Amino acid sequence: SLKQIHPINRKNSLNQTRKRMDIIKAKKEALLKKRHISRDDLARYLPSVSAIKAVKEKDNAYIAYEGNGRLVALQSVFTRDDGVSIEIEEYFFTDPAKILRRMNSIRELHGLFPEEKQ
């Protein structure tokens, strides 16, 4: 239910995402038992300057505008069927329809619209 706003396609980003995938794969069983990846877990295993930041698109569906590499790494290791939730920072805007139109325009420019393959 978390969608990325842009692809991970630059060499450095791809390398970092692969490293993150390896870290998550090594911790997968422990994280599966918890069924929830908290901000503390993210900071411990996938440290970054900020949290995964997202805007709610509809019930239980979000577009992440920060943390896309971490998101791709997590989604590459876990499947929907794993039922793992991820703690994010949700941002609220005065005119959410406007920001969502802009975010979806960016996704479309990157070939991620309407839905990316999972």
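Above this text sits the structure in question.
How each quantity is defined
- Each chain has its residues counted from 1, following the order in which its sequence is written.
- Whole-chain, interface and lining totals are the exception, using all residues; otherwise, since this is a predicted model, local features are given only for residues with pLDDT of at least 70 and side-chain atom pairs are given and counted only at 80 or more.
- With hydrogens and water stripped out, all remaining heavy atoms of the structure feed into the side-chain values.
- Only DSSP runs of H or I covering at least 4 residues are called helices, and only runs of E covering at least 2 are called strands; the numbering of each starts at the N terminus.
- Relative accessibility thresholds used throughout: buried, under 20% of the residue-type maximum; exposed, over 50%; partly exposed, between the two (1.4 Å probe, protein chains only).
- Here a residue-residue contact requires only that any non-hydrogen atoms of the pair lie within 4.5 Å.
- Note on areas: Shrake-Rupley with a 1.4 Å probe; residue coverage comes only from the protein chains shown.
- Neither His nor the chain termini are counted; the positive set is Lys and Arg, and the negative set is Asp and Glu.
- For the purpose of locating charges, the reference atoms are NZ of Lys, CZ of Arg, CG of Asp and CD of Glu.
- Salt bridge criterion: a side-chain nitrogen from Lys or Arg within 4 Å of a carboxyl oxygen from Asp or Glu.
- Two strands qualify as a pair provided DSSP detects at least 2 bridges between them.
- Here an axis means a line fitted to C-alpha atoms, over the contact stretch when the element is a helix, while the angle between two N-to-C directions is reported on a 0 to 180 degree scale.

So, the overall build of the chain: which residues are in play, and what are the values?
From N to C terminus, the chain includes 4 helices and 6 strands. From first element to last, N terminus to C terminus, the chain shows the α and β order β-α-β-α-β-β-α-β-β-α. Taking the principal axes of its C-alpha atoms as reference, the chain extends roughly 40 × 30 × 30 Å. In the chain, buried positions account for 40% of the 118 residues. Of the contacts made within the chain by residues no fewer than 6 positions apart, 71% connect residues no fewer than 24 positions apart. Total accessible area on the chain is roughly 7,600 Å²; 49% of this is exposed by carbon and sulfur atoms. In the chain, the 24 positive side-chain charges and the 16 negative ones have mean positions that sit 5 Å from each other.

Pulling in residues and values, what's your account of the side chain of Asp-82?
On the secondary structure map, Asp-82 appears in the loop between helix H3 (68-77) and strand E5 (85-86). Of the buried charged residues, Asp-82 lacks a salt bridge, with Lys-28 as the closest side chain of opposite charge at 4.2 Å. Those residues in contact with Asp-82 that lie beyond four places of it in its chain are Lys-28, Leu-32, Arg-35 and Val-77.

How would you summarise the sheet that holds strand E4 (residues 61-66) if you had to cite specific residues and measurements?
Taken together, the 4 strands give an open sheet; going across it, the order is E1-E4-E3-E6, and neighbouring strands pair in mixed fashion. Each having just a single partner strand, strand E1 (2-4) and strand E6 (89-91) make up the two edges of the open sheet. Averaged over neighbouring strand pairs, the angle between their axes works out to 40° when direction is ignored. Sheet strands touched by H3: E1 and E4. Its angle to E1, the strand with the most contacts, is close to 125°. Across the sheet, helix H4 (residues 96-109) is in contact with E1, strand E3 (53-58) and E4; its angle to E3 comes to roughly 105°.

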